Structure formats: structure tokens, C-alpha cells
Amino acid sequence: MKYYLIVGEASGDLHASHLMQALKRRDSESQFRFFGGDLMAAVGGTRVRHYSELAYMGFVPVLLHLPTIMRNMKICKEDIARWQPDVVILVDYPGFNLSIAKYVKAHHICPVYYYISPKLWAWKEYRIKNIKRDVDELFSILPFEVEFFEQKHHYPIHYVGNPTAQEVRQFIEERGVGEERADHRSRPIIALLAGSRMQEIKDNLPAMIQATRHLSGQYDIVVAGAPGIHKDYYARFLNATHVRLVSDATYSLLSKATAALVTSGTATLETCMFRVPQVVCYETPLPQLIGFLKRHLIKVRYVSLVNLIANREVVPELVAETFSVDNIRHNLEDILPGGPKRQQMLDDYEEVHRRLGDSQAPDRAAQLMIKLLINK
């Protein structure tokens, strides 16, 4: 069968590449065409555009790059119409992907599947009408989404488990974890995960660096370079600092880290899976306004996947008006060895591990997708 996949960022590239591998194992005649990244390209098929050409976030960056975004959307729609896939598989990135879903359904090209559903429970819940109208099957990776979609909105979905849990577990089994945490010949590591997009890095990394400055004599401060972001972009923040960069090796870095500062997103869950105590940091424009919206309008209490899955505060979240260098520094000191909150966080992580269970998300999703396509 012919599979057309669309992702908009690094985590989507990782998850989609594993889904593609699982589909290949079950469909010897599988063909792939995609908007994606290097990991998907390594599996095989034809990449139409790299996700770095799509990955804009925030009102101003999106507005500035609107012609590029619209051009890529047009290219994507026309490419799908020409190739006539058996299914279009969307991976998160709702601003772009829901427009593609609408086009595919309106032109009766093929079924539309959503793998890693949009986070409607947090923001823009009205998009559920687009999901019901344009998406044939939705594959969820977060356990609490079942209640949101099925009970609240009466839209049946497939919960397949969490791919991040499986990916980290596989890395640990293959590579081991923690050896260097106990290696007294080298300094312990504080990892800085400042996001996968340039705007996130620009907003968050300077404060992270400043908050760790006083620890540079005791710890090795290391930035996890995101895929698709050139080292020269990081250089403007790291020159003349105590911080070094490690590119395209986030799992390896987390496997050795003692603690981490993490921008909200999939990285918070990855850090939890590696059992690294963390502080979630997310700078926003107009922090007072965003803080008000978070308290009164946004539908969920937390921004990090760790807290959302646990349904309580396991990791501190410094967002909007609580984001400051002093707050980051104070919360980080609390989770370093000997800190008053380190052990409690490590204990609470076990609840998240338990709730996610023995996930085999790509395999379960691939099996279901092929079964549904054959039956249709």
C-alpha cells in the first residue's frame, strides 16, 4: 500500500520513522512519501519537504513565514492528489495537518488517519468538529485522551500506548544508562533541553544558561542540540559561556545527566523516562496575559506531559509570569543531589512509568492501520 505521512517537528520525525518501520514489517509492498525529516528518510521512500520548512510557531513567526507555509501547503495538497495514496497519516502539527485533512476528505482521495492526536484538550477544543468531519481514524498515545475524545466528545479513538516510553526503553536496553552518572572521574551533567524550534531556543536558552552559571564549577552544563538546528545558531548563545553543545544526541545526554532544564513538550516525558529530575521552563510573550489565560481559559492545569499523565504536579512548571532566572535557579537547586525535592520527584516518576505501561505504540498502530485499510 501507499502511505503518505506529514510531520512538523523533530519528535514527529522520530515517532513517524518508527511507525514506518512497523508498517514495512507488516506490508512488504509498502511505499512511502512524506513531509518529514532525516529519520523518516533513513527508513525509505520519498521526502517531498523537510519539516524544518514547516516548523514555525508563535503568531509573529508564522505571520512572517506565511507565504512559505501556504506554498508548502499547496505543494502538499497537489502532491497527494497526484500520488493517490491509500492513506494519509498525519502526525500532530494540527495547524497544517487539519487543513490537509480537509482537502483530502473534500476531494475523496483516501482515508485520513491521525497518529499522535492534536492536543485539543489543552487549547482550541473547537477543532474537534474538524476531527469528526475530516479524520477517519485517530490513534492516541496518551491514556487520558480516551476520556476526552470518547466520553466528552463521543468520538471513538484507538489508544495504542506511548511511543516515547518504548523508544527510551529500547535505547536503555541497547545502550545502557547511568554509567557516567556514577563516574567520579568526570563532573556530573546538567542537561539543557531548550526546544526543537529556533523560536523556542531563542526564548528559553539564555535564561537556562544564566540560571546555571553559578554551578559551572561543579557541573558540566550541556545543551542538547535539536535535529535540524545548525550549531551556528546555538553559537550566538553559547559563545563566551560555561556551556557546551552536543548535537543530535538527546537520549545519550539524558542517559548521563544528573538533572535537566527542559522546555515543555515531548522532551519532558523523555526526561522522566530516563529518570532525570527536571524543571520545566517555557518563556512566553506577554507573560502576564498568558498567565491569566492559563488560569482562566486554557482547559488543562498543566503544560508538561509528565504532570498531565500523573494528573498532579510531579515536576515544577515555570511558565508565563513564573518564568524567571531566579525561579529556574531555585527550582534547579531543589532537585540536584542533596536537594530537598530530588528524591520525591524520582519516586513520583514511577507513577508515570506505571501509567504508560509496556507500550508498543508503533507496532499496535501499524497493525490496526493495515487491518482497517484492508477491511475498507
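Procedures and definitions
- Residues numbered from 1 in each chain as written.
- Predicted model: local features only at pLDDT ≥ 70, side-chain atom pairs only at ≥ 80, totals over all residues.
- Heavy atoms only, no water.
- Pairing = 2+ DSSP bridges.
- Helix = DSSP H or I, 4+ residues; strand = E, 2+ residues; numbered from the N terminus.
- Contact = heavy atoms within 4.5 Å.
- Axes fitted to C-alpha atoms, helices over the stretch in contact; angles between N-to-C directions.
- Buried < 20%, exposed > 50% of the residue type's maximum accessible area, 1.4 Å probe, protein only.
- Arc of directions from axis to C-beta.
- Right-handed = clockwise from strand over helix to strand, strands pointing away.
- Phe/Tyr/Trp six-rings, centres within 6.5 Å; stacked < 30°, edge-to-face > 60°.
- Lys NZ or Arg CZ within 6 Å of the ring centre and 35° of its normal.
- pLDDT = per-residue confidence, 0-100.
- Core = buried A, V, L, I, M, F, W, Y, C linked by side-chain atoms within 4.5 Å.
- Expected span 1.5 Å × (residues − 1).
- Bend = angle between axes of the 7 residues up to and from the residue.

Student: Would you explain the sheet that holds strand β3 (residues 46–50) in this entry?
Tutor: Backbone-to-backbone hydrogen bonds join strands into a sheet, with any given pair of strands oriented parallel or antiparallel. Here seven strands make up an open sheet; going across it, the order is β3-β2-β1-β4-β5-β6-β7 and the pairing parallel. The open sheet has two edge strands with one neighbour each: β3 and β7 (158–159). Pairing of strand β1 (residues 2–6) with strand β4 (residues 87–91) involves four bridges; the strand directions are parallel. Across the sheet, the residue bridging to Ile-6 is Leu-90, located in β4. Across the face of the sheet, helix α5 (residues 94–106) comes into contact with β1, β2 (31–36), β4 and β5 (112–115) while running at roughly 160° to β5.

Student: I would appreciate a short explanation of the environment of Pro-85 in the present structure.
Tutor: Assignment of secondary structure puts Pro-85 in the loop between α4 (66–83) and β4. When the C-alpha atoms of Pro-85 and Phe-32 are compared, they prove to be 8.9 Å apart, with 53 residues separating the residues in sequence. Not counting chain neighbours up to four residues away, the residues in contact with Pro-85 comprise Lys-2, Tyr-4, Ile-80, Ile-109 and Cys-110.

Student: Looking at this structure, I do not really get unusual backbone geometry. What am I missing?
Tutor: In most cases, non-glycine residues show a negative phi, while peptide bonds are predominantly trans. At Asp-92, a position not held by glycine, the phi torsion is positive, near 50°. For Asp-92, the position within the fold is in the loop between β4 and α5. Its relative accessible area of 14% is what places Asp-92 among the buried residues. You will see that Ile-116, though not glycine, has its phi angle at about 75°, which is positive. Relative to the assigned elements, Ile-116 resides in the loop between β5 and α6 (128–134).

Student: I tried to follow helix α7 (residues 145–152) on my own but got confused; where do I start?
Tutor: Residue pairs spaced three or four apart in an α-helix point in one direction, given the helix's 3.6 residues per turn. If you check which residues of α7 are buried, you get Glu-145, Phe-148 and Phe-149. All buried residues of α7 lie within an arc of 80° about the axis, which places them on one face of the element.

Student: Please explain the sheet that holds strand β13 (residues 317–319) as it appears in this structure.
Tutor: One open sheet holds the six strands; their spatial order is β10-β9-β8-β11-β12-β13, and the pairing between them is parallel. Edge positions in the sheet fall to β10 (243–247) and β13, since each of these pairs with one other strand and no more. Sheet twist, expressed as the mean angle between neighbouring strand axes with direction ignored, is 25°. One ladder, built from three bridges, connects strand β11 (residues 257–262) with strand β12 (residues 278–282); its direction is parallel. Of the residues in β12, the one forming a bridge with Val-262 is Val-280. Each of β9 (220–225) and β10 touches helix α10 (residues 231–238); the most contacted strand, β10, lies at about 165° to it.

Student: Explain the pairing of β1 here, please?
Tutor: Among the five residues of β1, four are classified as buried, and the element is accordingly described as predominantly covered. Note: β1 against β2, five bridges, orientation parallel. Across the sheet, the residue bridging to Tyr-4 is Arg-33, located in β2. Crossover connection from β1 via helix α1 (residues 10–26) to parallel β2: handedness right-handed.

Student: Any chance you could explain the packing of aromatic side chains here in plain terms?
Tutor: Any two aromatic rings considered together are summarised by their centre-to-centre distance and by the angle between their planes. Inspection of every chain in the model, using the stated rule, returns 12 aromatic pairs. Taking the centre distance of 5.5 Å and the plane angle of 25° together, the rings of Tyr-3 and Phe-32 count as stacked. Remark: Phe-32 occurs in strand β2 and Tyr-3 occurs in strand β1; sequence separation between them is 29 residues. Considered together, Tyr-3 and Phe-32 belong to a single accessibility category, that of buried residues. Relative to Phe-274, the ring of Tyr-251 lies with its centre 5.3 Å away and its plane at 65°, an arrangement referred to as edge-to-face. You can see Tyr-251 sitting in helix α11 (residues 250–254) and its partner Phe-274 sitting in the loop between α12 (266–273) and β12, a full 23 residues away along the chain. No difference in accessibility class separates Tyr-251 from Phe-274, as the two residues are buried. Through a chain of ring-to-ring contacts, the aromatic side chains of Phe-35, Tyr-93 and Phe-96 assemble into a single cluster. Its end group placed over the ring of Trp-83, Lys-2 keeps NZ or CZ at 4.8 Å from the ring centre.

Student: What is the right way to look at the confidence of the model for the chain in this model?
Tutor: Low pLDDT means the predicted atomic positions in that stretch should not be read closely. Chain-level statistics for the chain give a pLDDT mean of 89 and a share of 90% at 70 or above. Across residues 286–293 the pLDDT falls below 50, and counting only partners more than four positions away or on other chains, this stretch makes 10 contacts in the model.

Student: Whenever I open this one, the nonpolar core confuses me. Can you help?
Tutor: Within soluble globular proteins, side chains that are nonpolar tend to cluster in buried spots. Judged by nonpolar contacts, the single largest core of 130 residues is most densely connected at Leu-5, Ile-6, Ile-89, Tyr-115, Leu-192 and Leu-205. Not counting the four nearest positions on each side in its chain, Ile-6 is found in contact with Phe-35, Cys-76, Ile-80, Val-88, Ile-89, Leu-90, Val-91, Phe-96, Asn-97 and Ile-100.

Student: Please clarify how helix α9 (residues 198–212) should be interpreted in this entry.
Tutor: Between the first and last C-alpha of α9 there are 21 Å, a value that for 15 residues agrees with the 21 Å anticipated at 1.5 Å per step. The largest bend in α9 comes to about 35°, at Asn-204, with the proline Pro-206 one to four residues further on. For α9, every residue scored as buried is listed here: Glu-200, Ile-201, Asp-203, Asn-204, Leu-205, Ala-207, Met-208, Ile-209, Ala-211 and Thr-212.

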